Amino acid sequence: MIRRRLIRTRQLRSGMKIDQSVVDRLGRNLIARGAVLDEYIIDSLLKLGIMSVYIQDGEYEPEDADKILSTAAKKNVERLRTEDRSKVSLSNSVRKRVAEGIQYIYSNTASQEFSEAADSITSSLMAAIEENDAVAIDIGALKASDEYTFKHSVDVATISMILAKQQGLSKTEIYEIGLSGLLHDVGKTEVPLEILNKPGRLDDDEFAVMKQHSVFGYNIVKDRPEFNAAISLGVLQHHEKTNGRGYPLGLTAEEISPYAKIMTVADIYDALITERPYKAAFSQRDAVEMIMSMTGEVDMTAMKSFLESMILYPVDSIVELSNGEKARVVKNSPHYILRPTVVGVQSGKIYNLGEDLSCANIIIK
């Protein structure tokens, strides 16, 4: 049973789950309800002057996961457990450096150090990917910043880099798409604050202004010699759709740049799973299903790379099946992102959700 408990911020520990949203004075969501705390987030809460928060009690902690397994379940878990593909991991020091750098970029678009700061962040992300030869993403583990625009920019850059790697692009191209993803929303710095920070849905006129942010961003980066045309076009075109119904130019599939095609998928996914003042966050599962339904809007190669890169249910996590049974994830497949192999924690039954036809009517809730 999940319970809600108020606790002093200085008593928080990494791994606890917050049971409230934290917003700034403009109503923008800084930390989403349900976020798993780490040292960086706890330190941010203290810096914000928040002395106590509600946390969730009553869920299984990772170290207690083995205690809920029956003897039969333990045997099957030990026999079938397969480590997840190597995922991107950012250390606390890298997160801090990236968070500070991205805030500098968005506050100093005219600075001579703008390009150098963008290069530094992208190089840090590149190093994190290369350090353990990462080929997959657990988006919940990134958390480079708590402010939406900054977090979203780093998430889009990181996801795009992984998708580019999945497609076999060169290191130079992976780095360039990281730069483009990092800067894709920099044009929002020229959108009026009353529109950018509106705590509700935009009306048609306001949305027309907001849609110009990709043009504003393109104008910020296009004349800087450090950024080539491919990087600039990624910034300009990241809201274009393959059916010609995107913006700002209404381009069709053949006209959209390769970087933009990848970034579009990353951008849509991260926006869907992020809570905003005017909308609740979609679950990762629902967001993936929405991406899968957009066959006429996004590039199919980019979608395939996305589906083969994301990890929704990390190995060892506990999930609830539609038949009412709790199960432990023992193996993920890049071909069945929504349907890993799991073991019932009490029955010990093996559910190969991706390949066993007898499990076709069972889903993870």
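Just so it is clear, the structure is predicted and the values come from calculations on it, not from any experiment.

What counts as what
- Residues numbered from 1 in each chain as written.
- Predicted model: local features only at pLDDT ≥ 70, side-chain atom pairs only at ≥ 80, totals over all residues.
- Heavy atoms only, no water.
- 1 Å grid on protein atoms, 1.4 Å probe; cavity = no way out; pocket = protein on both sides within 12 Å on 5 of 7 lines; lining within 4 Å.
- Points joined across faces, edges and corners; volume = space filled by probe spheres on them.
- Nonpolar A, V, L, I, M, F, W, Y, C, P; charged D, E, K, R; others polar.
- Helix = DSSP H or I, 4+ residues; strand = E, 2+ residues; numbered from the N terminus.
- Expected span 1.5 Å × (residues − 1).
- Buried < 20%, exposed > 50% of the residue type's maximum accessible area, 1.4 Å probe, protein only.
- Contact = heavy atoms within 4.5 Å.
- Pairing = 2+ DSSP bridges.
- Axes fitted to C-alpha atoms, helices over the stretch in contact; angles between N-to-C directions.
- Salt bridge = Lys/Arg side-chain N within 4 Å of Asp/Glu carboxyl O.
- Parallel < 35°, antiparallel > 145°, perpendicular 65-115°, else oblique.
- Left-handed = near helix turned anticlockwise from the far one by under 90°.
- Phe/Tyr/Trp six-rings, centres within 6.5 Å; stacked < 30°, edge-to-face > 60°.
- Lys, Arg positive; Asp, Glu negative; His and termini not counted.
- Core = buried A, V, L, I, M, F, W, Y, C linked by side-chain atoms within 4.5 Å.

A closer look at empty space enclosed by the protein
Inspection of every chain in the model, using the stated rule, returns one cavity of 30 Å³ or more. Taken together, E240, T242, I256, K261, T264, E297, V298 and D299 make up the full set of residues lining the largest cavity. For the lining of the largest cavity, the class distribution of residues is two nonpolar, two polar and four charged.

Remarks on helix α11 (residues 258-272)
Its 15 residues place the ends of α11 22 Å apart at the C-alpha level, agreeing with the 21 Å of an ideal helix rising 1.5 Å per residue. Burial analysis of α11 places 13 of its 15 residues in the buried class, the great majority of the element.

Remarks on the environment of G296
With respect to the secondary-structure elements, G296 resides in the loop between α12 (284-292) and α13 (300-309). When residues no more than four places from it in sequence are discounted, the contact partners of G296 are T242 and N243.

Overview of the sheet that holds strand β8 (residues 341-344)
Taken in spatial order, the four strands of this open sheet run β6-β7-β8-β9, and their pairing is antiparallel. Sheet topology places β6 (318-320) and β9 (350-352) at the edges, where each strand pairs with a single neighbour. Each adjacent strand pair in this sheet contributes to an overall mean axis angle of 40 degrees, direction not counted. Relative to β9, β8 runs antiparallel, the two being bridged by three bridges. By the bridge assignment for β9, V342 is matched with Y351.

Notes on the pattern of salt bridges
A side chain of one charge can pair with a side chain of the opposite charge when the charged atoms of the two come close. Summed over the entire model, instances satisfying the criterion amount to 13 salt bridges. Between D185 and K188 there is a salt bridge, with its nearest N and O atoms 3.4 Å apart. Within this structure, R81, E83, D316 and R328 form a network of salt bridges that share partners.

Some thoughts on unusual backbone geometry
The omega torsion of the bond from Y247 to P248 falls at 15 degrees, within 30 degrees of zero and hence cis. When you line up the elements, P248 lands in the loop between α10 (229-237) and α11. One non-glycine residue, D316, lies in the positive phi region at around 90 degrees. On the secondary structure map, D316 appears in the loop between α13 and β6.

Things to note about the packing of helix α9 (residues 213-221) against α10
Orientation of α9 relative to α10, taken along the N-to-C sense of each, is 165 degrees, at an axis distance of 7 Å. Here α10 runs roughly antiparallel to α9, going by the angle between their axes. Once α9 is placed against α10, the crossing between them reads as right-handed. Where α9 approaches α10, its residues S214, V215, G217, Y218 and V221 are matched on the opposing element by S232, L233, V235 and L236.

Notes on the packing of aromatic side chains
Enumeration according to the criterion identifies three aromatic pairs in this entry. A centroid spacing of 6.3 Å and a plane angle of 85 degrees characterise the contact between F114 and F227, whose relative ring orientation is edge-to-face. Of this pair, F114 sits in helix α4 (residues 114-131) while F227 sits in the loop between α9 and α10, and the two are 113 residues apart along the sequence. By relative accessible area, which is 4% here, F227 ends up buried.

A closer look at the side chain of K261
With respect to the element layout, K261 can be found in helix α11. Of the side chains with opposite charge, D299 lies nearest to the buried K261, which makes no salt bridge, at 4.2 Å. Residue contacts for K261: discarding those within four places in its chain leaves A253, I256, D299 and A302.

Structural notes on the nonpolar core
If you look at soluble globular proteins, the nonpolar side chains tend to sit buried side by side. One finds I105, L183, Y269, F306 and L321 to be the most contacted residues of the largest nonpolar core, which totals 70 residues. Residues in contact with L183, not counting those within four places in the same chain, are I105, Y106, F114, A118, V221, F227 and V235. In this structure, I31, L37, I41 and I42 belong to the second largest nonpolar core, which totals 13 residues.

Comments concerning the pairing of β8
Every second residue of β8 is oriented toward a common face, with T341 and V343 on one face and V342 and G344 on the other, all of them buried. Sheet analysis places strand β7 (residues 326-331) next to β8, joined by four bridges and oriented antiparallel. Note on β8: the bridge partner recorded for K331 is T341. Counting the residues that bridge the hairpin from β8 to β9 gives five residues, and of these G348 lies at a positive phi of roughly 75 degrees.

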